[in-house]
Each structure stands twice: as structure tokens, then as C-alpha cells.
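# Report on the structure
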Amino acid sequence: MRSVRPRRWAACLLLTPLLTGTLAGCFAPADSSDPKADSTGGKRLRIALAFPPSESFSPYGADATLLSRLGVTEGLTKLDGNGAPAPALAESWTQEDARTWQFTLREARFQDGTPLTGAAAATALTRAAQASPAPAALSGISLTAEASGERRVRVTTATPDPVLPLRLAGPSLAVLSPKAYGKQGAADPVGHATGPFTLTKVDGSTSAALDRFDDYWGGRAQAPGIDARFIADGTARANALRTGEEDVAEALPFAQAASLAKGTGREVPTARTTSLYLNTASGPFADPELRAAARAAIDTSVLAENVYEGYADPGQGIFGPALTWAAGKRQQPTGRASAAQPHGATVRLATYDNRPELPEVAQVLQQQLEKAGFKVTLTVRESSRVEGDALAGKFDAFIGARNTMLDTGDPVSVLASDYTCDGTYNMARLCDKNVDKAVAAADALADQDKRRDAAMAAEARILGTDAVVPLVHQRNILGVSTTVSGVLLDPYERTVVATGTRR
């Protein structure tokens, strides 16, 4: 059994081999005989992704992360290695008052040739604010945007939002050309974004093709394009890497790590927590005493050691050890109910198979819950076919892997999105006035340290409801061919490729 190594949670985005071997040289040698090589010797990148587009590459939902990871879209800001907002399409920003911020844009062009202007940025943010359902980054936030100059945009929120620059780094708030927006509220990113690669062809949920955007403001990418395939089966992704069919394969099964070729396995520390969400609105887990019984029945150490083979830690809370600030601020859950006897209560448990460990996690939990006296039926589907049903309350319990820093980088925002009455990603369908009050109190704070203290107090309130049972805090394994350089290891899981990625 692989032991868990000490953590070194510096949020570095450099390509550093963490499993075996070292990367030989900065660039792969050019092969002029390869028909897919361009005049500089670069070749098209072949990438196997775990999650297919589920919303026709809409920039407002889960597909926004795909667009970001493939280097298609960008926002006004991005996250730096410490989780702070950094310049992206906006060169700088100032806060004019408690509700108003002004952003100065860099000189850039959209992939359709039109310039990035204050008016274009205002249109993009306005469309995002009007989207239904609202992007997760805007959960509980109402904003308006207007041009304040040729290269300036002013953003105003209905109530003070001290972390707006952090929020605007969310993948779902990407800035697209005015030509991207249709009359029915749809947004088409194909050829209308600002990133180093432009989406040119989409084959349903099977594959996508991207070409280099030569006028990218950050410099010409070294790869002429990307051929992406969406392969839900983790073993199939690992095999495609082994056989040379793919150059990069994300989210490989931990069981495959030992058999990867030397130097191809990259262990990526993430802010991702795998959790069991219990439906608090209907079914057996509307009873807090049965939720307490389910929580008491689960042994998370078995999951970390056996299912994740040491590539995860037992669940400590909503925020895991990748966020080094969380450990010293964690509080004990408050207001927990006493566990009741299940007496054979039937539970509909569901998960998805895009992350290969989750079905095994579900089987272990099924056994543990049945041992405690529950009767459990299990449903496993592809993520795009099960997540919507879970949000609609069609299951009693749902196992999901959530990167808590993915949408905004702000811990309070993820609590608002996932656990408040009006949250847009509320898998547990939790609506608790004490939780809402605690999240609102945290959201009113501008000082980062105080905001994090309050976020952990709110976490304690949420855990006290037993609406969510944190199972493990995990790392991912990214498969990278030894002929490839410049792949990004991002703990926030927002980026994979950049201008320097090449083979």
C-alpha cells in the first residue's frame, strides 16, 4: 500500500514531474516529416479529457471549465499561484466605492478579429449576469457593467462585494466578442473568445478541434492546434496515453499510476473534495437524525487508503489540506442531531463514472450504509446524465468530486453556491436559516483573513446539518507524454495548456 507523503502545497503551475522521472529538456525535438507539424516544428497536441461537454460548450455552466482548460476563453482576471486575483484581460483595476470597480483592459483582439473594448467587456458581463441558470460565480450576486472608456469597464454590484476581482476570474465569466451572443440568451464561444486557441469544430460529446489563434495578445502559441477527445473511461484514457494515441490524459485512475511509463505520471495537488451529499429536502435524509446515522456509518480512512491508494486524505471538511490556510481555522461542527436507527430505510445513491474512483467509492459506501441498517440502491451514469437529476432531487444521496476553488477562488462564494437556500449548485438541497446567516456574515467581510475565519465558521454550521459528508481530499494524476513540455499543473483545475505547451 502506498503511504501518503508529506504535503508541499505550494500552488505552483509549473510542469514538475511528481511521480517518477524528470522531463528531458524544455522542448521536444521537431520532426519535419510529421504532416501535423507546422513550420516551427510544433505539432498538434492530442488531449484526452474525462468530461464531455454537457451544455454545447455554453460558457455559463460546467462546460466553461473545458473552455478554460483548453486555452479558449479568458476573463478579466485570473488566479495566481496563491489564489489571489491577477491580471488577465484587465491590466489593472481600482475600487471606486463599496459597490463599484473600474477595470482597465489590455490591448487585445477577439478570435473573430474585433477589438476588446470596454463596451464588449460590458456586454459579456451583462449577458453572464442575465444567464439562466446564473453562473456559479455569480451565486447570490447581482451586477451591472457599462463601458467607462474605450478600454475601461465599470462593474457595479447591488450590494458590496469585496472579492469581485476574484469572482471575475471564474471560468463562467469569460469575455466573448459581441458577435458571440444570440437573441435567445445563448453564447457561442466558437471563434469568439480571446485565448491562444480557438475552437473550430465540435463533434457532439466525442471530440473537438482547436486551432492556434495567431493574434493572441499573450504571444503566439507553440502548438499549431489541439485535437481533444472526451473519454469517460479512465482506463481507456490511460491506455491511449500508453499507446501514443494521446499526448495528455487527465484524471487517470490511481490504480494505473504504477504502470505508467517513467516520467509520464504527474501528481497534481488539488482543492478537490469528494463528498457525499444527502438530500435534505425529501426522502429519508430530510430527517436530520437519519443524516447523522449515515455520517456515523462512514469510515473515510478506508476510502483514502484503499480506493484512492494513498493519493487522498480522509475528509476533514469542505475545504481540504491543499488550502493551507484552512487547517488552522477549522472549527468543530455545531448543532448536530443524534443518530437514529435506520430500520431498513431505502436510500437511492448515485454517482458518475467520469472519475474512475467514484463508482468504487459508491460501492464501499453502499456496504457501510447497509451495515448500519440502510437499504441502498445504486445508480452510476456518465456525469452529464446524472448531475441534473441529482440537483433536481431525484436521488437521496449523491457522491461528487468538487473543486472548491474552481468557480471563484473564494471560499465564501462556494458555500453560497452549494449550501444556501438560493444556491445554484445545492446538491444537498439544503435550506437552513443558520447556515444562510453564517454565509451572509462571511460574505460581508473584505479583509481576507477575517473572511476566511468566517468561512470556516460557516463550514462548521454546514457540517453540523450533516447535509454533506466530506469523504476524501484528493490529488489527480495527469498523464503527460515525455515528448510534451509546458503542460500546466493547476491545483484549481482551470488550465492545462498555454502558449508554451508543445510537442
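Presented here is an overview of the structure given in this document. (Residues numbered from 1 in each chain as written. Predicted model: local features only at pLDDT ≥ 70, side-chain atom pairs only at ≥ 80, totals over all residues. Heavy atoms only, no water.)

### A few points about the overall build of the protein
The cut-off we apply is this: Each helix is a run of H or I in the DSSP string that is no shorter than four residues. Each strand is a run of E no shorter than two, and both are numbered from the N terminus. Here the globule rule is a power law, 2.2 Å times the number of residues to the power 0.38, and the radius of gyration is based on C-alpha atoms. Burial classes follow relative accessibility: with a 1.4 Å probe on protein chains only, a residue under 20% of its type's maximum area counts as buried, one over 50% as exposed, and anything between as partly exposed. Every residue pair with non-hydrogen atoms within 4.5 Å of one another is taken to be in contact. The accessible surface values rely on the Shrake-Rupley method and a 1.4 Å probe; as for residues, cover is taken only from the protein chains in view. Note that His is not counted, nor are the chain ends; the positive residues are Lys and Arg, and the negative ones are Asp and Glu. Here the site of a charge means NZ on Lys, CZ on Arg, CG on Asp, or CD on Glu.
Helix and strand content of the protein: 12 helices and 17 strands. The C-alpha radius of gyration computed for the protein amounts to 22 Å, which stays within 12% of the reference 23 Å derived for 503 residues, consistent with globular compactness. Taking the principal axes of its C-alpha atoms as reference, the protein extends roughly 70 × 55 × 40 Å. Across the 503 residues in the protein, those meeting the buried criterion constitute 57%. For the protein, contacts bridging at least 24 residues in sequence account for 72% of all contacts bridging at least 6. As presented, the protein carries roughly 19600 Å² of accessible surface, and 49% of it is formed by carbon and sulfur atoms. Distance from the positive charge centre (53 side chains) to the negative charge centre (55 side chains) of the protein: 1 Å.

### With respect to the packing of aromatic side chains
For clarity, the cut-off: The criterion for an aromatic pair is that two Phe, Tyr or Trp rings (for Trp, the six-membered ring) have centres within 6.5 Å, with stacked assigned to planes under 30 degrees apart, edge-to-face to planes over 60 apart and tilted to the rest. As a reminder, the over-ring test applies to NZ of lysine and CZ of arginine, requiring each to be within 6 Å of the ring centre and within 35 degrees of the ring normal.
What the rule picks out here adds up to 9 aromatic pairs. When the ring of F57 is compared with that of F230, the centres are 6.4 Å apart and the planes differ by 55°; the resulting orientation is tilted. Here F230 lies in strand 10 (residues 225-230) and F57 lies in the loop between strand 1 (45-49) and helix 1 (63-69), a separation of 173 residues in the sequence. By the burial criterion, F57 is buried, and F230 matches it. Ring centres of F254 and Y311 lie 5.1 Å apart, and the angle between their planes is 10°; this geometry places the pair in the stacked category. You can see F254 sitting in the loop between strand 11 (248-249) and strand 12 (265-278) and its partner Y311 sitting in the loop between helix 6 (300-307) and strand 13 (312-314), a full 57 residues away along the chain. As far as burial versus exposure is concerned, F254 and Y311 are alike and both buried. Here the aromatic residues F51, Y352 and F398 are joined through ring pairs into a cluster of three or more. The positively charged end of R106 is found above the aromatic ring belonging to W217, 3.9 Å away from the centroid.

### Focus: the packing of helix 10 (residues 411-419) against helix 12 (residues 448-465)
Stated formally: Axis definition: a line fit to C-alpha positions, over the contact stretch in the case of helices; interaxial angles, taken between N-to-C directions, run 0 to 180 degrees. Should an angle fall under 35 degrees it is called roughly parallel, over 145 degrees roughly antiparallel, and 65 to 115 degrees roughly perpendicular, with every other angle called oblique. Crossing chirality is assigned from the near helix's rotation relative to the far helix, an anticlockwise turn below a right angle marking it left-handed and a clockwise turn marking it right-handed.
Contact geometry of helix 10 with helix 12 gives a least axis separation of 9 Å together with a crossing angle of 25°. Regarding the angle of helix 10 to helix 12, the classification is roughly parallel. Crossing handedness for the pair helix 10 and helix 12: left-handed. Two secondary-structure elements touch here, helix 10 through P411, V412, L415 and Y419 and helix 12 through R451, R452, A455, A458, E459 and I462.

### Considerations on the state of the cysteines
Just so we agree on the cut-off: The disulfide criterion used throughout: a pair of cysteine sulfur atoms within 2.5 Å.
What the rule picks out here adds up to 1 disulfide. Across a sulfur-sulfur distance of 2.0 Å, C421 and C431 are joined as a disulfide pair. Between C421 and C431, the S-S dihedral sits near 95°, and the bridge is therefore right-handed. Placement of the pair is C421 in the loop between helix 10 and helix 11 (433-443) and C431 in the loop between helix 10 and helix 11, with a sequence separation of 10 residues. By relative accessible area, C421 is classed as partly exposed at 32%. The exposure class assigned to C431 is exposed, which follows from its relative accessible area of 55%.

### A closer look at the packing of helix 10 against helix 11
For the record, the criterion: Classification convention: Asp, Glu, Lys, Arg as charged; Ala, Val, Leu, Ile, Met, Phe, Trp, Tyr, Cys, Pro as nonpolar; all other residues, Gly among them, as polar.
The interhelical angle for the contact between helix 10 and helix 11, taken along N-to-C directions, is 155°, at an axis separation of 9 Å. The angle between helix 10 and helix 11 places the two elements in the roughly antiparallel class. Relative to helix 11, helix 10 is oriented so that their crossing is left-handed. Residues V412, L415, A416 and Y419 of helix 10 form the contact with helix 11, whose participating residues are V435, D436, V439, A442 and D443. Of the residues assigned to the contact of helix 10 with helix 11, the class counts are 7 nonpolar, no polar and 2 charged.

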